[in-house]
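Observations on chain architecture
So the chains spell out like this:
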Amino acid sequence: MKRTQPQVREDYIDCPIPSQEEPEAQRFLALPLVKNSQKPERKGPFKRITYPFEGDAANGRCLKQEKLGVYSGSEGRPGCDLVSGRRGQAPPPRLGRACREHSGSCSSPPAGGVGAGRPLASAIKGPGRLGSHRLASDLRLRPRLLPAFAAHAPARAPLDPLGPRLLGLRRKMAATDSSEAALAAALADVPELARLLEIDPYLKPFAPDFQRRYKQFSKTLSKIGENEGGIDRFSKGYESFGVHTCADGGLYCKEWAPGAEGVFLTGDFNGWNPFSYPYKKLDFGKWELYVPPKQHASTVVPHGSKLKIVITSKSGEILYRISPWAKYVTREGSNVNYDWIHWNPEHPYKFKHSRPKKPKSLRIYESHVGISSHEGKVASYKHFTCNVLPRIKGLGYNCIQLMAIMEHAYYASFGYQITSFFAASSRYGTPEELKELVDTAHSMGIIVLLDVVHSHASKNSEDGLNMFDGTDSCYFHSGPRGNHDLWDSRLFAYSSWEVLRFLLSNLRWWLEEYAFDGFRFDGVTSMLYHNHGMGQAFSGDYHAYFGLQVDEDALIYLMLANHLTHTLYPDSITIAEDVSGMPALCSPVSQGGGGFDYRLAMAIPDKWIQLLKEFKDEDWNMGNIVYTLTNRRYLEKCIAYAESHDQALVGDKSLAFWLMDAEMYTNMSVLAPFTPVIDRGIQLHKMIRLITHGLGGEGYLNFMGNEFGHPEWLDFPRKGNNESYHYARRQFHLTDDDLLRYKFLNNFDRDMNKLEERYGWLSAPQAFVSEKHEANKVIAFERADLLFIFNFHPSKSYTDYRVGTALPGKFKIVLDSDAAEYGGHQRLDHNTEFFSEAFEHNGRSYSLLVYIPSRVALILKNVDLPN
């Protein structure tokens, strides 16, 4: 691939990143001649041979820069996002450095800089020799690098410093041969690795890492096939482990407790005699028990009976435990611990509707069943089914992400301290009612994703997995590696055979028993690294994503999990909550990637909160906003969102509350005139969500209630707030009141989603940003044949504002944030027709003149194009 000349700085020799086509010696000898340049301020030492840094931030592309230190001011450099660490594909040959303050087209001029002189190769005098007359005048080496006797030496003496370099080059050539052999071996082992390296050539040095990961994945899959009959059978552990009622009325029980001295079953059925039903010990730490039926084949343990497993430890302790495979647990009255209930209803729920097809554009409504009511209580599955599902459908969302479904003892943990992995939370109702919820959503054409927590588990022992067999290991790592210090929870031993069975079976259980359509994997960053991402900036240096700091056991599990999910249900969807930006996490497993469909664009909500907290409106940086919204890896899809449950939780506030704060209590009535605070808040709330929706990713997410600017924050009942439910609810009735302005934001969110459903910009290629003007505070881009225009200026409106477009035609307004039904000021006539002209502007062949009022977002449609 033809490359632009790298910029060379004084005292340092820059060379292009090695390619397979060009021999090392020729690359070195073809370096440009260097003239003195202004010495940059720098922090820390630099290598003498570095890599160039180029990029186009507006298109999410960047190249690797290898360094020991960083130039001052590098924090704002495109391609190095300190928030998300995401990287894009390599830029096309013509692109050079990108400027975040550039207010014109998204492409910047090529980086040439100094050093575009004659090639050094013309001075070669035989193998490895260089004419002395070229050395001092053209290379401008530092005097301290030349021998002290250089001034008095014979004419050829200055050649001496190159001797070690050429020797080093020969060694590097040998290393290159070795690396090329390693690359060839990796390409042979990983079926589609060539495609990944074609997308991002700067992953080539890490091809052996992808090879090792893929080989370990394949090896584990082969072992499962050899020892278990395949992953299909292996992932059905819930059919044998736990407690099962047999056809004859008997009970078959099986557990894995490698550290136990003895295992027993007790409960209502035997008067809680702890030792009357001992398990038989099997190989590999497994135990099994068969309890024969009563007379006339009646079941020995009826539906709804309480059970416990009794473990005698090697130290002589008697421990009462809940089976890790328990399907239903509940807490009665003021009891602290949960009780295990044998769930075997006579008439289980039968699904009536088929799963919807995988949508091309994903619009996710992030939901929590317990807070879905405006009343101060825990809402139920039934309430959500009857009252919230119709709202979600009406708003135009085609996917629900259900939080806090896996049973968790502590309600205020938001479902992130799991105690029973196979049990649907009983605080909202029964398993059958959850199935009805999912089935009803399917009848509306809405897919349902489960927020699955396999990154850690609760430390509870009496009603959790911790210390199940009396040891600190079993399902977890023993010692410090098995504890997450920040979350105060336990960490799974992903390389353990039975842990793999447990977790893979858990995914399949939710897919098949409850008909979920996929998963959002929580805490993926914590899983991927031994340091769990704590205290690491993830600046974008690729070396952070490869090496000993990566927990490849966890990564292999995630590859297996995605392989299983997509093999069982090809239309299923998996989303990774990863803040590190690990390359190829959302690439297919066949490419050596993690296999996820999407990752959350977690830098975007942080950027909006930062702007609202730290900057005046007139100081917002348009280039920085665009950079944050577009900074993602090429062909690895992202879910964009302006805010999620994280931003609403206690300690933070929703976007609406940041914008309007206390005035939401007093000035949201339509009977009162707009105050400056409420006017600003309503207009920016719409603009922030639309630009995030249109530019930020290949999917969109909204947390329930935030679409209409839900006031205040989210806080669950706990000792710190006197167990109050006041903030653990969603006040949907606010948007139903015609006298309140919440309805305007709700209407805008609805029409924004329905417009996307019609034109499909989320599934379209990434947008072309033609303008990000700092002085005017205007951003314009094209996506899915639509023209998006945003004027973030707090006071200036622009008449006859020229905006570039790719194709000629007649344009009309299809969405206007200033419309009356959205709480706007009605400054635009929707009957206006805008005609493009063959006037090149900001890199686009055509342009048109528009009126764009202050704090307004517009979407224009070229009506001459077919829908």
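Residues numbered from 1 in each chain as written. Predicted model: local features only at pLDDT ≥ 70, side-chain atom pairs only at ≥ 80, totals over all residues. Heavy atoms only, no water.

**Focus on the overall build of the chain**
Defined as follows: Only DSSP runs of H or I with at least four residues qualify as helices, and only runs of E with at least two residues qualify as strands; both kinds are numbered from the N terminus onward. Relative accessible area decides the class of each residue, using a 1.4 Å probe on protein chains only: under 20% of the type maximum gives buried, over 50% gives exposed, and in between gives partly exposed. Residue contacts are counted whenever heavy atoms from the two residues lie within 4.5 Å of one another. For the accessible areas, the method is Shrake-Rupley and the probe is 1.4 Å, while residue cover comes only from the protein chains on display.
A count of helical and extended segments in the chain gives 18 helices and 35 strands. A total of 867 residues make up the chain; the buried ones form 58% of that total. A sequence separation of at least 24 residues applies to 73% of the contacts in the chain between residues at least 6 apart. For the chain, the accessible area works out to roughly 34300 Å², and carbon and sulfur atoms hold 52% of it.

**A closer look at helix α16 (residues 676-695)**
Each α-helix turn comprises 3.6 residues. Residues three or four places apart therefore point the same way. Put simply, the rule is: Under the convention used throughout, the expected extent of a helix is 1.5 Å for every residue step, that is, one less than its residue count.
With 20 residues, α16 extends 28 Å between its outermost C-alpha atoms, agreeing within 8% with the 28 Å of an ideal straight helix rising 1.5 Å per residue. By the criterion of burial, α16 is predominantly enclosed, with 18 of the 20 residues buried.

**Quick word on the packing of aromatic side chains**
Note the following rule: We call Phe, Tyr and Trp rings a pair once their centres come within 6.5 Å, taking the six-membered ring for Trp, and we label the pair stacked below 30 degrees between planes, edge-to-face above 60, and tilted otherwise. Charge-over-ring placement is defined geometrically: NZ (Lys) or CZ (Arg) within 6 Å of the ring centre, and within 35 degrees of the ring normal.
Per the stated rule, a full pass over the model turns up 48 aromatic pairs. When the ring of phenylalanine 269 is compared with that of tyrosine 277, the centres are 5.2 Å apart and the planes differ by 45°; the resulting orientation is tilted. What makes phenylalanine 269 buried here is its relative accessible area of 18%. Exposure remark for tyrosine 277: the relative accessible area of 26% places this residue in the partly exposed category. Stacked on the ring of phenylalanine 210, the Lys or Arg arginine 213 has its end atom at 5.8 Å from the ring centre. The ring of tryptophan 509 is capped by lysine 327, whose NZ or CZ atom sits 5.2 Å from the centre of that ring.

**Topic: the pattern of salt bridges**
What counts is decided by this rule: Salt bridges are counted wherever a side-chain nitrogen of Lys or Arg sits within 4 Å of a carboxyl oxygen of Asp or Glu.
Summed over the entire model, instances satisfying the criterion amount to 45 salt bridges. Here lysine 314 makes a salt bridge to glutamate 261, at a shortest N to O gap of 3.7 Å. Of the two residues, lysine 314 sits in the loop between β12 (306-313) and β13 (318-321) while glutamate 261 sits in strand β9 (residues 260-267), which places them 53 residues apart along the sequence. Connected via shared salt-bridge partners are Asp200, Asp578, Arg599, Arg633 and Glu636.

**Considerations on the packing of α16 against helix α18 (residues 742-759)**
We count it as follows: In this analysis an axis means a line fitted to C-alpha atoms, helices contributing only their contacting stretch, and an angle means the value between N-to-C directions, from 0 to 180 degrees. Geometric relationships in this document are graded by angle, where less than 35 degrees denotes roughly parallel, more than 145 denotes roughly antiparallel, 65 to 115 denotes roughly perpendicular, and other angles denote oblique. Left-handed describes a crossing in which the near helix is turned anticlockwise from the far one by less than a right angle; the clockwise case is right-handed. Each residue receives one of three labels: charged for Asp, Glu, Lys and Arg, nonpolar for Ala, Val, Leu, Ile, Met, Phe, Trp, Tyr, Cys and Pro, and polar for the others, Gly being one of them.
Two elements in contact, α16 and α18, have axes separated by 11 Å at closest approach and are oriented at 20°. By the angle class used here, α16 and α18 are roughly parallel. In terms of crossing hand, the pair formed by α16 and α18 is right-handed. Two secondary-structure elements touch here, α16 through Ile682, His685, Lys686, Arg689, Leu690 and His693 and α18 through Leu745, Phe748, Asp749, Met752, Asn753 and Glu756. Its residues assigned to classes, the contact of α16 with α18 shows five nonpolar, three polar and four charged.

**Considerations on the sheet that holds strand β24 (residues 573-576)**
The strands making up a sheet associate through backbone hydrogen bonding, with each pair oriented either parallel or antiparallel. Here is the rule: Note: two strands are recorded as paired if DSSP finds a minimum of 2 bridges between them.
Judged by pairing direction, the barrel is parallel, and its eight strands sit side by side in the order β16-β17-β20-β23-β24-β25-β26-β27 before closing back on the first. Strand-to-strand twist of the sheet, defined as the mean angle between neighbouring strand axes without regard to direction, takes the value 30°. Bridge analysis of strand β25 (residues 598-600) against strand β26 (residues 638-640) gives two bridges, and the strand direction is parallel. The residue of β26 that forms the bridge with arginine 599 is cysteine 638.

**A few points about the environment of leucine 600**
Looking at the element boundaries, leucine 600 is found in strand β25. In this structure, the C-alpha to C-alpha distance between leucine 600 and leucine 701, residues 101 residues apart in sequence, is 9.1 Å.

**Topic: helix α5 (residues 207-228)**
A rise of 1.5 Å per residue sets the reference length of α5, with its 22 residues, at 32 Å; its end C-alpha atoms lie 31 Å apart and thus fit the reference within 8%. All buried positions along α5 are accounted for by Ala207, Asp209, Phe210, Gln211, Arg213, Tyr214, Phe217, Thr220, Ile224 and Glu228. Following α5 by one or two positions, glycine 229 has its phi on the positive side, about 85°.

**Things to note about a nonpolar patch on the surface**
Test applied: To count toward a patch, a residue needs a relative accessible area above 30% and no salt bridge. Like charges then connect within 9 Å, nonpolar side chains (Val, Leu, Ile, Met, Phe, Trp, Tyr) within 5 Å.
On the surface, a nonpolar cluster with roughly 280 Å² of combined accessible area is contributed by Phe275, Ile318 and Tyr320. Within the fold, tyrosine 320 resides in strand β13.

**A closer look at the packing of helix α13 (residues 622-630) against α16**
Their axes nearest at 9 Å, the elements α13 and α16 cross at an angle of 45°. It follows that α13 is oblique to α16 by the angle criterion. The handedness of the crossing between α13 and α16 comes out as right-handed. Contacts between α13 and α16 involve Val626, Leu629 and Thr630 from the former and Ile691, Thr692 and Leu695 from the latter. Among the residues making up the contact of α13 with α16, the classes are represented as four nonpolar, two polar and no charged.

**Digging into the pairing of β13**
Of the two faces of β13, the one holding Leu319 and Arg321 is buried and the one holding Ile318 and Tyr320 is not buried anywhere. Counted between consecutive antiparallel strands, the loop separating β12 from β13 contains four residues, among which glycine 316 sits at a positive phi close to 95°.

**Describing the sheet that holds strand β30 (residues 786-791)**
Judged by pairing direction, the sheet is antiparallel, and its six strands sit side by side in the order β28-β29-β30-β35-β32-β33 without closing on themselves. Unpaired on one side and paired on the other, β28 (768-773) and β33 (834-835) mark the two borders of the sheet. Together, β30, β32 (810-816) and β35 (856-862) form the strand contacts of α18, whose direction differs from that of β32 by roughly 140°.

**Here we look at the confidence of the model for the chain**
Applicable threshold: Think of pLDDT as the predictor's per-residue confidence, scored from 0 to 100.
Model confidence for the chain is summarised by a mean pLDDT of 84, while 79% of its residues fall at 70 or above. Low confidence marks residues 1-157, where pLDDT is under 50. Its contacts with residues over four positions away, or in another chain, come to 304 contacts.

**Re the nonpolar core**
Which entries qualify depends on this criterion: Here, the term nonpolar core denotes a set of buried Ala, Val, Leu, Ile, Met, Phe, Trp, Tyr and Cys residues that are joined through side-chain atoms within 4.5 Å.
If you look at the biggest cluster of nonpolar residues, it comprises 186 residues, and the most contacted ones within it are Tyr475, Trp510, Tyr557 and Trp608. Setting aside anything within four residues of it in sequence, one finds tyrosine 475 in contact with Trp256, Pro324, Trp325, Leu465, Phe468, Phe492, Ala493, Val499 and Phe502. Grouped together as the second largest cluster of nonpolar side chains are 17 residues, Ala780, Ile789, Leu848 and Val850 included.

**Focus on unusual backbone geometry**
In this structure, tryptophan 272 is a non-glycine residue whose phi angle is positive, near 60°. Relative to the assigned elements, tryptophan 272 resides in the loop between β9 and β10 (280-281). Tryptophan 272 sits in the partly exposed class, given a relative accessible area of 35%. Residue histidine 532 is not a glycine yet carries a positive backbone phi of 60°. Positionally, histidine 532 belongs in the loop between α10 (524-528) and α11 (552-568).

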